[in-house]
Amino acid sequence: MTLTKVFLLLVSTFYCVFCDQSKFRSYNEWCQTRKMTTEISYPGCETEYIKNNYCYGQCNSYYLPSALPENRINGGRPTFLCHVCAPSKMRLKKVFLNCPKLNKRKRRRVEIVEECRCVSSKCTFTPIWL
């Protein structure tokens, strides 16, 4: 049993007495690595174009409201999980731009996305009633 499944099982035990646990599984999550071209420029330099990738997809998240005060765990706070489609593998690439107006070459560093997947992310949530 994976850590996520164990965590969800524990959460559902404390919070979701009447909810369907199967709804918390990662159904229909998808995250793709797609091709793009990145423009690299600097004032006084010739523009370069390099092949790169970006992440695109739909990853699941959930929010479980806190229990009654006498039954609260997690400091009485609600529990939530946020997944995002994000790079799981990246590298830095050095690109040297020809700068005739500056009579030199300018080095730029570019993040190259190699692979993407659904990953956990810090959730920032403020209830609308606060």
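Residues numbered from 1 in each chain as written. Predicted model: local features only at pLDDT ≥ 70, side-chain atom pairs only at ≥ 80, totals over all residues. Heavy atoms only, no water.

K.L.:
Any chance you could explain the pattern of salt bridges here in plain terms?
P.N.:
Any two side chains of opposite charge can pair, given that their charged atoms come close. Inspection of the entire model under this criterion finds two salt bridges. Between E114 and K89 there is a salt bridge whose closest N-O contact spans 3.8 Å. On the criterion of sequence distance, the pair formed by E114 in strand β5 (residues 104-121) and K89 in strand β4 (residues 79-99) is long-range, its members being 25 residues apart. Taking relative accessible area as the criterion, E114 reaches 29% and is therefore assigned partly exposed. The class of K89 is partly exposed, set by a relative accessible area of 42%. The salt bridge involving E114 is made with R91; its shortest N-O contact spans 2.5 Å. (Salt bridge = Lys/Arg side-chain N within 4 Å of Asp/Glu carboxyl O. Helix = DSSP H or I, 4+ residues; strand = E, 2+ residues; numbered from the N terminus. Buried < 20%, exposed > 50% of the residue type's maximum accessible area, 1.4 Å probe, protein only.)

K.L.:
What should I look at first to understand the confidence of the model for the protein chain in this one?
P.N.:
Detailed reading of the predicted coordinates is not advisable wherever pLDDT is low. Averaged over every residue, the pLDDT of the protein chain is 77; residues scoring 70 or more account for 65%. When the criterion is pLDDT under 50, residues 1-21 qualifies, and its contacts beyond four places in sequence or with other chains add up to 24 contacts. (pLDDT = per-residue confidence, 0-100. Contact = heavy atoms within 4.5 Å.)

K.L.:
Quick question: what am I supposed to make of the nonpolar core here?
P.N.:
Here is a general trend for soluble globular proteins: nonpolar side chains tend to be buried in one another's company. By size, the foremost hydrophobic cluster in this structure holds eight residues: I40, C45, I50, V95, L97, C99, V110 and I112. Taken together, the elements giving at least two residues each to this core come down to β4 and β5. Among the elements that take part in this core, β4 stands out by supplying three residues, more than any other. Those residues within four positions of C45 in sequence are excluded, and the remaining contacts are L97, N98, C99, L102 and K106. (Core = buried A, V, L, I, M, F, W, Y, C linked by side-chain atoms within 4.5 Å.)

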